[in-house]
Amino acid sequence: MTGAIVGLSKEAAPDGVIAEICIIGSGSGGATAARLLAEAGHEVVVLEEGRDLVGTERTQRDAPMYDQLYMDRGGRASHDLSVSVLQGRVLGGGGVINTCDVVPIPDGVLQHWAAKYGLEDYAPERFKPFTEDALADLSASRIPENLVNFANAKLRQGAEALGLRGEVMLHNRVGCRGLGTCLIGCPIHAKQNPRMVALPKAVEAGARIFTRARAVKVHKASQELKEVEVRTLDPGGYHEQNEIKVRAKIVIIAANAISSPQLLLRSGIGNAHVGQNLMLQPQLPIIGIFDERIAAFDGIPQSYAVTEFEQEDNVEFGLWGFRIEGIMGTPGIVSSLLPFSGASGMEGMAQYDRMAPSLLLAPDAPSGRVEVARDGRLTIRYTQRDDHRARLRKAVESAAKVYLEAGAREVLVPTVAALVIRSAREATQARQLPFAPATAPMLSAHQQGTVRFAASERDGGADLNGQVYGTRDVYVFDSSGFPSSASSHTMTPIIASSRMLTTKLLTRI
Ligand SMILES: Cc1cc2nc3c(=O)[nH]c(=O)nc-3n(C[C@H](O)[C@H](O)[C@H](O)COP(=O)(O)OP(=O)(O)OC[C@H]3O[C@@H](n4cnc5c(N)ncnc54)[C@H](O)[C@@H]3O)c2cc1C
Ligand code: SF4
């Protein structure tokens, strides 16, 4: 069969598509499965609601890139607007807009999943080959020293002066020129993401990929031949156009841990666990402001992490602690995260070239759910737990001390009201941060847990093969299945997990 990427906003929709396997979502989970299944000779169709946006179409401009690369144009949020929920919506998914941090699932988490949840395939020794293959897919390597920019070097300087453990991170870039706009797409395709690796290989092996193709419902989920109801979208992705049907024996949903349960709930598929156990892993930005020019926008935004406070062996959750990672955003992103407006907003942004920001990443325990109303409207209900707030307070205090040690004039915690820390003694004020809902710019990039894998229908939404309970060959191959937080990052865990689940599927078909 001849593979192709077909944009359904421009090309006529085929009249009734039939395939052996239909994969919904072209990100880390879906693209990996598509490639392995197509290479094994199976007939694969991939449905992706985003468009294929490559090369110079990635204009490095905030507004059009948010519009075309992010779900809900970057405006998706939890029910009370406390957490901004970031997801990719483009061929290749979140890997196109992420910051390329490669972090495999720590062994402590894998052991936890095997021991507490019975996910034996994830036991460290059994899962190791899949992680190794994922690292190869990503061309993972340590970021070269000359690409650690001045902002990340400041974080490192402060951490080393305080004797804290840290590392220059692994990444999946090849030929990066440090243009700095990773969060709105890499115009020179340095990222070795699903768009550049798994999808071209899937097409080469015969997979057909339809873009601007939104799966709205899966019908006949317990019958041999499933029917996926699809709406094609206009070129901008604003409006639904035509309806087509894709029929397939096997349906793999890998639309992301928010959109996968959304589709299942909209289709009326699955048990009471579907949509539950949501982890958003809210991350908080914090900014060291220096008197000297930092130019954090120049070079790789995220290249150094303070790993001193990470722990892997929490008995209840598997992974705990927190991590401090250098980061930078484009002016649009940074201005939207500052707790100022009007003249004070302008004053704040006037310091843009003297900012060294970090993200504080603390894995969370399940404390939310995905809901779909009768009219199809999505609600992401999430309540931050007190223990997560407590760890973020510690993270703020630690990160502030690191920046001050590196010579920052002050450290801005962009809460409402803003907290400005000017000395190590003042850093203890972080202990009083209330983190009341919607008073801090919490960002979620690592959604997980909403169709939990479990050996029994009593404990989860899908079985140990990823098959959704109550269905025949309808699977979930993304981080929806993770029973607790995989780690600080999810791309490598999802690719490795999808590789493992697809390898198992291949033994049965
Ligand atoms: C801004 C940002 C930065 C990040 N940084 C990192 C990082 O540095 N390192 C890391 O490891 N992880 C990072 N992540 C997380 C990581 O990128 C994601 O966890 C990962 O890409 C998710 O893969 P996925 O296959 O589950 O879903 P996605 O990659 O989100 O792919 C799902 C695809 O499904 C499509 N889709 C959704 N619903 C439908 C439907 N109904 N019909 C058809 N198509 C549909 C979407 O358009 C999307 O393209 C980041 C994420 C974001 C958003
Ligand atoms: S830093 Fe620039 S060149 Fe490197 S991956 Fe990011 S966007 Fe591409």
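Visitor: Can you lay out the site of ligand 1 for me, pointing to particular residues and giving the numbers?
Guide: Near ligand 1 lie 42 residues; those nearest to it are G25, G27, G93, G94 and M491. Residue assignment for the shell around ligand 1 shows that the elements contributing at least two residues are α1 (28-39), β3 (44-48), β9 (213-219), α7 (259-267) and α11 (491-506). Each residue belonging to the shell around ligand 1 can be placed in one class, and the counts come to 15 nonpolar, 21 polar and six charged.

Visitor: Give a description of the sheet that holds strand β12 (residues 284-289) that names residues and reports values.
Guide: Working definition: the strands of a sheet are paired by backbone hydrogen bonds and lie parallel or antiparallel to each other. Taken in spatial order, the seven strands of this open sheet run β6-β13-β16-β17-β12-β20-β21, and their pairing is antiparallel. Two strands in the sheet have a free side with no partner beyond their single neighbour: β6 (166-168) and β21 (419-421). Between one strand and the next, the sheet's axes are offset by a mean angle of 25°, whatever the strand orientation. When strand β16 (residues 323-326) meets strand β17 (residues 355-361), the two strands line up antiparallel, connected through four bridges.

Visitor: Run through the packing of helix α4 (residues 124-137) against α11, naming residues and quoting values.
Guide: Between α4 and α11, the shortest axis-to-axis distance is 8 Å and the interhelical angle comes to 120°. With respect to α11, the element α4 is oriented oblique. The hand of the α4/α11 crossing is right-handed. Two secondary-structure elements touch here, α4 through F127, F130, T131, D133, A134 and D137 and α11 through T492, I495, A496, R499 and M500. Among the residues making up the contact of α4 with α11, the classes are represented as six nonpolar, two polar and three charged.

Rules used throughout
Position numbers for residues count from 1 along each chain, tracking the sequence in the order it is written. Chain letters start at A and ligand numbers start at 1, both assigned in the order the entries are written. Whole-chain, interface and lining totals are the exception, using all residues; otherwise, since this is a predicted model, local features are given only for residues with pLDDT of at least 70 and side-chain atom pairs are given and counted only at 80 or more. To decide nearness, the C-beta atom of each residue is placed from the backbone, and the residue is near a molecule or strand if that atom lies within 6 Å of it. In DSSP terms, a helix is any run of H or I states spanning at least four residues, a strand is any run of E spanning at least two, and both are numbered starting from the N terminus. Put simply, Ala, Val, Leu, Ile, Met, Phe, Trp, Tyr, Cys and Pro go in the nonpolar bin, Asp, Glu, Lys and Arg in the charged bin, and everything else, Gly too, in the polar bin. Following DSSP output, two strands are said to pair if at least two bridges run between them. Only the stretch in contact is used when a helix axis is fitted, and all axes are lines through C-alpha atoms; the angle between N-to-C directions ranges over 0 to 180 degrees. Put simply, angles under 35 degrees are roughly parallel, angles over 145 are roughly antiparallel, angles from 65 to 115 are roughly perpendicular, and the rest are oblique. Definitions for this section: a left-handed crossing has its near helix turned counterclockwise from the far helix by less than a right angle. A right-handed crossing has that turn clockwise. With C-beta atoms placed from the backbone, a contact is any residue pair whose C-beta atoms sit within 7 Å.

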